[in-house]
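Below, each chain spelled out in residue letters.
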Amino acid sequence: MSEGISQREQKLLEVSTKVLMELWKKRLDVIKKDYEAGRELYDQEIIGKMNDLLVRWQKEHGGRAGELKYVIISPLGSGVITGSYELQIALFDQNLYNEEDPLCLYWTPKFIFKDVEEDMAAYKKMAAKEIIRLREDEVYEIRRKYALCHAYVSMLYMDRITRRVFELPAWKETAGADTKVLYGTYMEQMMELGTAQEGEKR
C-alpha cells in the first residue's frame, strides 16, 4: 500500500514538474508583456494604495515620525483556496509580533495572478493523460506550488515598487532610517525589499 502511494507521488511529481514548467514558461512571457503594456497603471494603483495606507498610519499615530518600523508584504495562503491570490500589506511599530490587528490593505497584482486558474485547468487536462483519477487534493497542492512561482514574481515586482514608495512624502514623514519593508510570511524568514541601487532603471 505505502509502496503504491510512493509510486503515485513520484509519478505525480514527474508529470507535474514537466507540465508546469511548460505552462510557466509561456505564462511568464505573457506576464512580462502584460506588464509592459500597462506599466504605469499597475504601478500607480499600488503606489496610490500604499500612500493611502501610510496617510492612515499618520492619522492614527498623530503624525509622529519614526514609529513605523516594519512594512510586511505577505502572500496569503487563503488566497490559493479562494482564488484571490491576495497580498496583505501590513504596517507595524516595534511590537511586530504582538500586533493582532495591524493596519493593512489587501491587494492582488492581477497582471501576475489572473491566469492561474486557466493554467490549472490546462494542467488537469494534460496531467490526466498520464495520471489515473487525479484527485482534487492533489490538484490543490499543485496549485499551491504553482502559485508560489507567481508569488516570487510578485516579490520582485514589490521590490521595485518599494523603491518608488520610498520617494513618497508620506513615507518620508512616517518612516525612520531603520524602517524595513519585508516580503514573506510571519514567523518565517523574510526578504528585505528596496535595498537595490536607487538609480536602477524603472
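Residues numbered from 1 in each chain as written. Predicted model: local features only at pLDDT ≥ 70, side-chain atom pairs only at ≥ 80, totals over all residues. Heavy atoms only, no water.

### A word on unusual backbone geometry
Notably, tyrosine 85 is not glycine yet its phi reads approximately 55 degrees, a positive angle. Within the element layout of this structure, tyrosine 85 appears in the loop between helix 2 (78-82) and strand 2 (87-92). With phi around 50 degrees, arginine 133 is a residue other than glycine that occupies positive phi space. As for its placement among the helices and strands, arginine 133 is situated in the loop between helix 4 (116-127) and helix 5 (136-165). Relative accessible area serves as the criterion here: at 73%, arginine 133 is assigned to the exposed category. (Helix = DSSP H or I, 4+ residues; strand = E, 2+ residues; numbered from the N terminus. Buried < 20%, exposed > 50% of the residue type's maximum accessible area, 1.4 Å probe, protein only.)

### Concerning the pairing of strand 2
The buried fraction of strand 2 amounts to 6 of the 6 residues, a majority that puts the element mostly inside the structure. Across 6 bridges, strand 1 (residues 68-75) lies against strand 2 in antiparallel orientation. Following the sheet pairing, isoleucine 73 is matched in strand 2 by isoleucine 89. (Pairing = 2+ DSSP bridges.)

### Topic: the sheet that holds strand 3 (residues 103-107)
Sheet architecture is open: 5 strands sit in the order 3-2-1-4-5, paired in mixed fashion. The open sheet is flanked by strand 3 and strand 5 (191-192), the only strands paired with a single partner. As paired strands, strand 1 and strand 4 (residues 175-183) are joined by 5 bridges and run parallel to one another. Counted as the bridge partner of isoleucine 72 is leucine 182 from strand 4. Strands strand 1, strand 2, strand 3, strand 4 and strand 5 of the sheet are contacted by helix 5, whose axis makes an angle of about 160 degrees with strand 4. (Contact = heavy atoms within 4.5 Å. Axes fitted to C-alpha atoms, helices over the stretch in contact; angles between N-to-C directions.)

### Examining helix 4
In this model helix 4 runs 16 Å from its N-terminal to its C-terminal C-alpha over 12 residues, within 8% of the 16 Å that 1.5 Å per residue would give. When we look at burial in helix 4, the residues that qualify are Val116, Asp119, Met120, Tyr123 and Ala127. Buried residues of helix 4 fall within an arc of 100 degrees about the axis and therefore sit on the same side. When the buried face of helix 4 is taken as reference, the exposed residues oriented beyond 90 degrees from it are Glu118 and Lys125. (Expected span 1.5 Å × (residues − 1). Arc of directions from axis to C-beta.)

### Describing the nonpolar core
Nonpolar side chains tend to gather and get buried jointly when the protein is soluble and globular. Membership of the largest hydrophobic core comes to 53 residues, with the highest contact counts inside it found for Ile89, Tyr123, Tyr157, Met158 and Trp171. Among the elements that take part in this core, helix 1 (residues 2-60) stands out by supplying 14 residues, more than any other. (Core = buried A, V, L, I, M, F, W, Y, C linked by side-chain atoms within 4.5 Å.)

### Remarks on the confidence of the model for the protein
For the protein, the average pLDDT comes to 88, and 89% of its residues sit at 70 or higher. Scored below 50 in pLDDT, residues 197-202 makes 9 contacts in the model with residues more than four places away or belonging to other chains. (pLDDT = per-residue confidence, 0-100.)

### Points about the pairing of strand 4
Judged from the 2 bridges that link them, strand 4 and strand 5 form a sheet pairing that is antiparallel. If you follow leucine 182 over to strand 5, its bridge partner there is glutamate 192.

### A few points about the packing of helix 4 against helix 5
Working note: a packed helix pair is described by the angle between its axes plus the distance between those axes. Helix 5 packs onto helix 4 with a crossing angle of 135 degrees between their chain directions and a minimal axis gap of 11 Å. Taken together, the axes of helix 4 and helix 5 are oblique relative to one another. Pair helix 4 / helix 5 crosses with right-handed handedness. Contacts between helix 4 and helix 5 pair Val116, Glu117, Asp119, Met120, Tyr123 and Lys124 from the former with Glu136, Val139, Ile142, Arg143, Tyr146 and His150 from the latter. Looking at the contact of helix 4 with helix 5 residue by residue, the classes come out as 6 nonpolar, 1 polar and 5 charged. (Parallel < 35°, antiparallel > 145°, perpendicular 65-115°, else oblique. Left-handed = near helix turned anticlockwise from the far one by under 90°. Nonpolar A, V, L, I, M, F, W, Y, C, P; charged D, E, K, R; others polar.)

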